[in-house]
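Breakdown of the fold
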Amino acid sequence: ETAKYLLGFKVNEFRLTFLSVDGSVLKNPKVLTAPMKATAPYMERAIDEINKAEHHPGIFIYNFVLCLLKPPYRRYINDLSQMDTFLRGPDFEASIDEHRKTLKVKSPACKKCQYDKICNGVWKSYAKFFGLKELKPVNDGHSYQDQNS
């Protein structure tokens, strides 16, 4: 419903970001957010609505894993793999991507997934509250970039 409403304003871009389990959310995460698996159908429905728009807004998903979306929706996940984001100063150099990987975790089952090399998993803070059982290896042969799967 929110996507339909925003489309009325001719929004050019939608960034669907799964809520991070940090900050104020840590006070009561199981009330303020839900497991990714429970939110996936709503995200997919929002994408379907957005794709009906005549002006074709961009769609980007953040903080979500490929295995919980159906094949045609996986292509919208935008924070996969290495983005090569560096901070440089006179006396330092740091990779934001490498630091980010230390804050994420995968299920042991992820090693069997066709997306293991490009997916960084879920935030450790998310796993602390919701676990890793919902993460299942995908081996359906679809590229995450497939548009008509």
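Each value, and the rule that gives it
Residues numbered from 1 in each chain as written. Predicted model: local features only at pLDDT ≥ 70, side-chain atom pairs only at ≥ 80, totals over all residues. Heavy atoms only, no water. Helix = DSSP H or I, 4+ residues; strand = E, 2+ residues; numbered from the N terminus. Buried < 20%, exposed > 50% of the residue type's maximum accessible area, 1.4 Å probe, protein only. Contact = heavy atoms within 4.5 Å. Areas by Shrake-Rupley, 256 points an atom, 1.4 Å probe, with all protein chains shown as cover. Lys, Arg positive; Asp, Glu negative; His and termini not counted. Charge placed at Lys NZ, Arg CZ, Asp CG, Glu CD. 1 Å grid on protein atoms, 1.4 Å probe; cavity = no way out; pocket = protein on both sides within 12 Å on 5 of 7 lines; lining within 4 Å. Points joined across faces, edges and corners; volume = space filled by probe spheres on them. Pairing = 2+ DSSP bridges. Salt bridge = Lys/Arg side-chain N within 4 Å of Asp/Glu carboxyl O. Nonpolar A, V, L, I, M, F, W, Y, C, P; charged D, E, K, R; others polar.

**Focus on the overall build of the protein chain**
Across its full length, the protein chain holds six helices and six strands. Across the protein chain, helices and strands are ordered from the amino to the carboxyl terminus as α-β-α-α-β-α-β-β-α-β-β-α. Expressed as lengths along the three principal axes of its C-alpha atoms, the size of the protein chain is roughly 50 × 40 × 35 Å. Looking at the protein chain as a whole, 36% of its 149 residues are labelled buried. Taking the contacts inside the protein chain whose residues are at least 6 apart along the sequence as the reference set, 61% of them involve residues at least 24 apart. Surface accessibility of the protein chain: about 9,400 Å² in total, with carbon and sulfur atoms responsible for 54%. Counting 23 positive and 17 negative side-chain charges, the protein chain places the centres of these two groups 7 Å from one another.

**What to know about the layout of surface pockets**
Here the largest pocket defines a volume of roughly 380 Å³. Along its surface, the largest pocket is lined by 16 residues, and Thr-2, Leu-16, Tyr-42, Met-43 and Ala-46 are the ones closest to its centre. Breaking the lining of the largest pocket down by element, the ones donating at least two residues are α1 (2–7), β1 (13–17) and α3 (36–51). Per element, the largest residue contribution to the lining of the largest pocket is six residues, and it comes from α3.

**Points about the pairing of β1**
Here β1 shows a clear split, with Phe-14 and Leu-16 buried on one side and none of Glu-13, Arg-15 and Thr-17 buried on the other. In this structure, β1 lies alongside strand β2 (residues 58–62), joined through five bridges in parallel fashion. Each bridged residue has a counterpart across the sheet, and for Leu-16 the counterpart in β2 is Ile-61.

**So, the pattern of salt bridges**
What the rule picks out here adds up to six salt bridges. Notably, a salt bridge pairs Glu-49 with Lys-52, separated by 3.1 Å at the nearest N-O pair. Residue class for Lys-52 comes out exposed when judged on its relative accessible area of 61%. With its nearest N and O atoms 2.7 Å apart, the salt bridge here joins Asp-116 to Lys-106. Remark: Lys-106 occurs in the loop between β5 (104–105) and β6 (122–123) and Asp-116 occurs in the loop between β5 and β6; sequence separation between them is 10 residues.

**Structural notes on empty space enclosed by the protein**
Scanning all chains against the criterion turns up three cavities of 30 Å³ or more. The space that makes up the largest cavity amounts to roughly 110 Å³. Along the wall of the largest cavity there are 13 residues; nearest its centre are Cys-67, Cys-110, Cys-113, Cys-119 and Lys-136. When grouped by side-chain class, the residues that make up the lining of the largest cavity number nine nonpolar, one polar and three charged.

**As for unusual backbone geometry**
In this model, Lys-10 sits at a positive phi of 55°, which is unusual for a non-glycine residue. Positionally, Lys-10 belongs in the loop between α1 and β1. The backbone of Asn-63 shows a phi angle near 60°, a positive value even though the residue is not glycine. Along the polypeptide, Asn-63 turns up in the loop between β2 and α4 (71–74).

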